[in-house]
Amino acid sequence: MSSIHSFATSYDEARDKFLAAARIADAWTHRYDNPTKGPKGEALSTDLAWLGPQDASKVVVTISSTHGVEGYCGSGFQVDWLAAVGAAGLPDDTAALFVHAINPYGFAWTRRVTEEGNDLNRNYVDHSKPYPENKGYLEIADDLVPKDFSEQGKAAADARLAAFRKRVGDIEFFRAVSAGQYSHPDGMFFGGGGPAWSNRTLHAIVEQYLKDRSDVAVIDFHTGLGPYGYGEPITHYDIDTPASRRVRAFWGESVTESKRGQTASQARDGLGHYGLNRVLQEPKTRLTMCTLEYGTFDRESGQKAFRADHWLHKYGDPLGREAVAVRAAMRRQFYPETDDWKEAVLFRGHQVTRQAIAGLQRGAL
């Protein structure tokens, strides 16, 4: 039976709960040590739990904490599934792989970015090629993270951002802000500079545990966009391809496809979706992947919290008194700690995962 007690109040607690649930489920575990420390000097790691046959041809994968602080959501679900469902939820020749805290630095520090300052979901580009250009971001970068973060300084920056938004329109404004940029390493939604530790770690996991499977389903848990508590399965496959037809067969009409213009997300470059699809390719492996995006609060408050976080780590003191309010705002925006929100996360998470496991049994469409 699902329980909101699966959710944690810190990265350390989340990791402890995950490993305890894995032991209860009799899952095999492994850890990847991150080279940085948490705000209390604590060790950080990405942890795996594997349940089911080691040689299963079909694997369902859940990933938590691609965007650090958003890990509370995915971790809570992973703990709940291991404790409440376990091996009984897996058909023959099917395994489950749980990737817990793929971005442990962001989880522990209550940030969305990695220790390198990367938005991990913009970092899966081909770093051997020229980076995509975001001309809109170039124009507003200094106003998104202004050095003068006094009320007067923020008001002046906000006025310039409002003028830019009025000139280009809402869609182009949000695209400039959040589509991803590769020019300002300490700015918002930065994805460049080379593969982040979390990127390299996920690729190592894929190489070792998923490369030779016939069918793989991946659910990457995120928060921050959409109606409060609703989990939207977002996909990025080309229209009318076998993979596009699979996501419809797996998750029905609730799935949204970015290539059809059906989602509010403006992310286009460097997504984990594209990174994994470059490694797991048909016909050898059929990869069916979605980002399960849970709504929290409005986009404007999210942008406000995110800007303050970047200012803190660029111009302020991440361990100082001013950090308390910034972290509290980030945590609230990406992890509403209400019982109804947690219940909604668990219900939808179990539904989407159950649908993915059923979809894996169908094989080729």
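See the structure shown above.
Nothing here was measured: the structure is a model prediction, and the numbers come from that model.

Trainee: Help me understand the nonpolar core in this model?
Mentor: Side chains that are nonpolar tend, in soluble globular proteins, to be buried together. Ranked by internal contacts, the top residues of the largest apolar core, which has 97 residues, are Val 61, Leu 82, Leu 97, Leu 210 and Trp 251. Sort the elements by how many residues they give to this core and helix 12 (residues 339-360) lands first, with seven residues. Sequence-distant contacts of Val 61, that is, excluding residues within four places in its chain, are made with Leu 97, Val 99, Leu 210, Val 216, Ala 217, Val 218 and Ile 219.

Trainee: Looking at this structure, how should I read the packing of helix 2 (residues 71-84) against helix 12?
Mentor: Two numbers describe how helix 2 lies on helix 12: the axes approach to 10 Å, and their chain directions differ by 65°. The handedness of the crossing between helix 2 and helix 12 comes out as right-handed. Residue-level inspection shows Cys 73, Gly 76, Phe 77, Asp 80 and Trp 81 of helix 2 in contact with helix 12, the latter providing Trp 341, Val 345, Leu 346, Gly 349, His 350, Thr 353 and Ile 357. Within the contact of helix 2 with helix 12, the residues separate by chemical class into seven nonpolar, four polar and one charged.

Trainee: Would you mind going over the environment of Lys 17 with me for this structure?
Mentor: As for its placement among the helices and strands, Lys 17 is situated in helix 1 (residues 11-24). Residues Lys 17 and Gln 78, 61 residues apart in the sequence, show an inter-C-alpha distance of 9.7 Å. Looking at Lys 17, its side chain comes within polar contact range of the main-chain oxygen of His 5, at 2.5 Å.

Trainee: Would you explain the packing of aromatic side chains in this entry?
Mentor: The relation between two aromatic rings is expressed through the spacing of the ring centres and the mutual angle of the planes. Within the structure shown, the criterion is met by 19 aromatic pairs. Ring geometry for Phe 149 and Trp 311: centres 5.1 Å apart, planes at 15°, overall stacked. Separated by 162 residues along the polypeptide, Phe 149 in the loop between helix 4 (135-144) and helix 5 (151-168) and Trp 311 in helix 10 (residues 299-315) bring together distant segments of the chain. Summarising the burial analysis for this pair, Phe 149 and Trp 311 share the class buried.

Trainee: Can you walk me through the pairing of strand 8 (residues 286-295) in this structure?
Mentor: The side chains of a regular strand alternate, first on one face of the sheet and then on the other. The buried fraction of strand 8 amounts to ten of the ten residues, a majority that puts the element mostly inside the structure. Of the pairings in the sheet, the one linking strand 6 (residues 231-235) to strand 8 comprises four bridges and is antiparallel in character. When the sheet's bridge partners are listed, Glu 232 is paired in strand 8 with Glu 293.

Trainee: Explain empty space enclosed by the protein to me, please; I cannot follow it from the model alone.
Mentor: With a probe scaled to a water molecule rolled over the atoms, the places where space remains empty come into view. Within the structure shown, the criterion is met by four cavities of 30 Å³ or more. In this structure, the second largest cavity occupies an estimated 50 Å³ of space. In terms of lining, the second largest cavity is formed by Ile 63, Thr 66, Leu 120, Asn 121, Tyr 124, Leu 202, Asp 220, Gly 272, Leu 276 and Met 289. Residue classes in the lining of the second largest cavity are distributed as six nonpolar, three polar and one charged.

The rules behind the values
- Sequence positions are assigned chain by chain, starting from 1 and proceeding in written order.
- Restriction of local features to residues with pLDDT of at least 70 applies here, the model being predicted, together with a cutoff of 80 or more for giving and counting side-chain atom pairs; totals for whole chains, interfaces and linings are based on all residues.
- Excluding hydrogens and water, the side-chain values take into account all heavy atoms of the structure.
- For this analysis, a nonpolar core means a set of buried residues of the types Ala, Val, Leu, Ile, Met, Phe, Trp, Tyr and Cys, connected via side-chain atoms within 4.5 Å.
- In this scheme, a residue with accessible area under 20% of its type's maximum is buried, one over 50% is exposed, and one in between is partly exposed, where area comes from a 1.4 Å probe on protein chains only.
- Here a helix means four or more residues in a row that DSSP labels H or I, a strand means two or more in a row labelled E, and each is numbered from the N terminus.
- Only heavy atoms matter for contacts: two residues are in contact if any of them lie within 4.5 Å across the pair.
- Only the stretch in contact is used when a helix axis is fitted, and all axes are lines through C-alpha atoms; the angle between N-to-C directions ranges over 0 to 180 degrees.
- In a left-handed crossing the near helix is turned counterclockwise from the far helix by less than a right angle, and in a right-handed crossing that turn is clockwise.
- Residue type decides the class: Asp, Glu, Lys and Arg count as charged, Ala, Val, Leu, Ile, Met, Phe, Trp, Tyr, Cys and Pro as nonpolar, and the leftover types, Gly among them, as polar.
- In the analysis that follows, any N or O atom pair within 3.5 Å is treated as a polar contact, provided that within protein one partner can donate a hydrogen and the other can accept it, and provided that, for residues neighboring in sequence, both atoms belong to side chains.
- For Phe, Tyr and Trp, where Trp contributes only its six-membered ring, two rings pair if their centres lie within 6.5 Å, and the inter-plane angle classes them as stacked under 30 degrees, edge-to-face over 60, or tilted in between.
- Pairing between strands requires that DSSP locate at least two bridges from one strand to the other.
- Definitions used throughout: a 1 Å grid over protein atoms alone; a cavity as a set of points that fits a 1.4 Å probe which cannot get out; a pocket as an open set with protein on both sides within 12 Å along at least five of seven lines; a lining residue as one with an atom within 4 Å of a point.
- Grid points are joined across faces, edges and corners, and a volume is the space filled by probe spheres set on the points.

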